[in-house]
Amino acid sequence: MERRQRRRPNIYLIGFMGVGKSAVGRALARSLHLQYLDSDWAIEHKAGMPITEIFKTRGEAAFRSMEREFIESGHPAEGVVVSCGGGLPVQPGMGELLKSKGVVICLFASPETIVQRTVGNPKRPLLNVENPEERIRQLMGEREPVYMNTGIGISTESRSIAEVVKNIARIYRREARLRFQ
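Read on for a plain summary of the structure. Quantities reported herein were computed from a predicted structural model and do not represent experimental measurements.

**What about the sheet that holds strand E1 (residues 10–14)?**
- The sheet built from 5 strands is open, its strands ordered E2-E3-E1-E4-E5 with parallel pairing. Only two strands of the sheet have a single neighbouring strand rather than two, namely strand E2 (35–38) and strand E5 (152–155). Direction aside, neighbouring strands of the sheet carry axes that sit 25 degrees apart on average.
- Against the sheet, helix H8 (residues 161–180) makes contact with E1, strand E4 (102–108) and E5, and its axis sits at roughly 150 degrees relative to E4, the strand it touches most.

Here it is, written out as structure tokens:
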């Protein structure tokens, strides 16, 4: 009897900066025996410079173009957990593209938690402003409706990485079976 090989669709972790996409993504990939990629790291690697430098020298529009290129063709078609930059799913058409390529999970945390996790980090170019907390609240207000329409929401607030990973793994198995088999 021939055994049908099951597809292993990608998992795309989206959400605002500081919600835990990278930490959860690495643990999730280990748990499910998938490869792990961070879209920001992949873009930095390809561009040969940090994101802050891309923003400074080429501008945000160029960076967003690099994000789209990465999602369209810059990573394996399956078997990968991808932690996406916070602004990536907000681009027109990107949510639909992500959903067509895999299971999209949106991680959430409160603005207060995000402030604690991100303020003072020089790798956060959008927060290099006079009032980072106000900027976080503004950006979250703009992005959350897009996040909610793109992925299945899971809170990382007051939950261990292991708890979040277990929840995502359960959702992934269900969604992969329903949508990609």
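Alright, that's what it looks like, and here's the rest.
**Let's talk about the packing of helix H1 (residues 21–32) against H8**
- It is the contact of H1 with H8, at a shortest axis distance of 9 Å, that shows an interaxial angle of 60 degrees. The angle between H1 and H8 falls in the class oblique. Two packed elements cross with a definite hand, and for H1 against H8 that hand is right-handed. Where H1 abuts H8, its residues Ala-23, Val-24, Ala-27, Leu-28, Ser-31 and Leu-32 lie against Ile-161, Val-164, Val-165, Ile-168, Ala-169, Tyr-172 and Arg-173.
- Of the residues assigned to the contact of H1 with H8, the class counts are 11 nonpolar, 1 polar and 1 charged.

**Notes on empty space enclosed by the protein**
- All chains considered together, the criterion is met by 1 cavity of 30 Å³ or more.
- Of the volumes computed, that of the largest cavity is approximately 30 Å³.
- Along the walls of the largest cavity sit Phe-16, Val-19, Leu-107, Phe-108, Ala-109, Ile-114, Met-140, Glu-144 and Tyr-147, which together make up its complete lining.
- Elements supplying a minimum of two residues to the lining of the largest cavity: E4 and helix H7 (132–150).
- In terms of residue class, the lining of the largest cavity is built from 8 nonpolar, no polar and 1 charged.

**Brief notes about the nonpolar core**
- If you look at the biggest cluster of nonpolar residues, it comprises 55 residues, and the most contacted ones within it are Ile-11, Phe-16, Leu-28, Ile-71, Leu-98, Ile-105 and Ile-168.
- Counting residues per element, this core draws most heavily on H8, at 8 residues.
- Setting aside chain neighbours within four positions, we find Ile-11 in contact with Leu-28, Leu-32, Leu-34, Val-80, Val-81, Val-82, Val-103, Ile-105 and Tyr-172.

What counts and what doesn't
- Residues numbered from 1 in each chain as written.
- Predicted model: local features only at pLDDT ≥ 70, side-chain atom pairs only at ≥ 80, totals over all residues.
- Heavy atoms only, no water.
- Pairing = 2+ DSSP bridges.
- Helix = DSSP H or I, 4+ residues; strand = E, 2+ residues; numbered from the N terminus.
- Axes fitted to C-alpha atoms, helices over the stretch in contact; angles between N-to-C directions.
- Contact = heavy atoms within 4.5 Å.
- Parallel < 35°, antiparallel > 145°, perpendicular 65-115°, else oblique.
- Left-handed = near helix turned anticlockwise from the far one by under 90°.
- Nonpolar A, V, L, I, M, F, W, Y, C, P; charged D, E, K, R; others polar.
- 1 Å grid on protein atoms, 1.4 Å probe; cavity = no way out; pocket = protein on both sides within 12 Å on 5 of 7 lines; lining within 4 Å.
- Points joined across faces, edges and corners; volume = space filled by probe spheres on them.
- Core = buried A, V, L, I, M, F, W, Y, C linked by side-chain atoms within 4.5 Å.
- Buried < 20%, exposed > 50% of the residue type's maximum accessible area, 1.4 Å probe, protein only.

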